[in-house]
Amino acid sequence: MTSVSSPPEVRSGLPEFARPDLSGTRRRTHRGSFLCHAVIATELTDGRTRISRLRADTPLSPRPTIASGEEPFVRGGDAARIRMSASAAGPVGGDTYVLDIHVGAGSTLVIRDVGATLVLPGPHGEASRWITRLRVDEGGTCVWVPEPVIAAAGCRHHHVIEAELAADARLLYREEIVLGRHREEPGSLSARLSVRRSGDPTVVQQLDLGPAAIGSSATSVFGAHRALGNVIVVDPDGAPGPAAAAPDAGSAVMRQDPACVQVTAVGQDLPELRARLDSAMGLLGEPWASPGPRPWSAVPR
């Protein structure tokens, strides 16, 4: 396993705006802000999952950890576990974070956060970006339960999740997005979620929320809600739960294909959102159903 903090590698796969300027002594995006790049990779060796690569640029700080709480899809206890943290608040306007995750064939990776991601405005009004590219190879499993992304007042943020799964790969991904801190006006956030299996789209969702998104506060779009969440479960043995259900007016369960189910919910605040996501996941049956809130989060409920 390698673990270093160093300037980002030059990769042709990086978006144009995220490619660093190598002409000076410090590496920045063409907007003058820093590019932070982190890489997490696992592989199956002698029947056990190991972390084959782990590197990050400041302030991103992924660290290996031990089992904690519930871990669906983790069979026999074999998994590599990573906790994401940051040494500073952000991303700040103008910053670009790129996170590459590669789950090798047959291996299992559990990713959680130490705390919420607070997106802040920058001094020049530039947008910030967080791009995560996840690849899960044949027979691999990824359980990813990050803490909330909070769009602070004045920010403009693009949050992109791109997941490429093999036909027999497994995925649990849960996201929570909150517009503004307590008693604060919301920031503007554009969130794109894309999940593909064997190259075919399974879930493709684009959401534009906050003051910069015209009409997002309409009753038919987001209304008075300040929190939005999704749960994506991909299981090649068959998607759990009903083909479609609406536990209440603020949540829905949708079968996207024979192997994938999506739970979507909104709430006026984070506790209401979490309660609705937990309730909707109860319709999926074991191991998802629970008489009380699931301890997914690092933040006490």
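These figures come from a predicted structure and were not determined experimentally.

Caption draft 1: Spatial organisation of the confidence of the model for the chain. When pLDDT is averaged along the chain, the result is 86; 87% of the residues meet or exceed 70. Looking over the chain, one finds the lowest element-wise mean pLDDT in strand β4 (residues 80-86), namely 92, and the highest in strand β11 (residues 156-165), namely 97. Considering only residues more than four positions removed or in separate chains, one finds that residues 1-26, a stretch of pLDDT under 50, has 69 contacts.

Caption draft 2: Representation of the environment of glycine 154 in the model. Along the chain, glycine 154 falls in the loop between β10 (149-151) and β11. Judged by its relative accessible area of 57%, glycine 154 falls in the exposed class. Taking the C-alpha atoms as reference, glycine 154 lies 8.9 Å from proline 211; in sequence the two are 57 residues apart. In this structure, glycine 154 is in contact with Pro121, Pro186 and Gly187, ignoring residues within four places of it in sequence.

Caption draft 3: The arrangement of the pairing of β11 in detail. Sheet analysis places strand β8 (residues 128-136) next to β11, joined by 9 bridges and oriented parallel. Counted as the bridge partner of arginine 135 is glutamate 164 from β11. Pairing of β11 with strand β13 (residues 188-197), which is carried by 10 bridges, proceeds in the parallel orientation. Across the sheet, the residue bridging to glutamate 162 is serine 194, located in β13.

Rules and cut-offs
Residues numbered from 1 in each chain as written. Predicted model: local features only at pLDDT ≥ 70, side-chain atom pairs only at ≥ 80, totals over all residues. Heavy atoms only, no water. pLDDT = per-residue confidence, 0-100. Helix = DSSP H or I, 4+ residues; strand = E, 2+ residues; numbered from the N terminus. Contact = heavy atoms within 4.5 Å. Buried < 20%, exposed > 50% of the residue type's maximum accessible area, 1.4 Å probe, protein only. Pairing = 2+ DSSP bridges.

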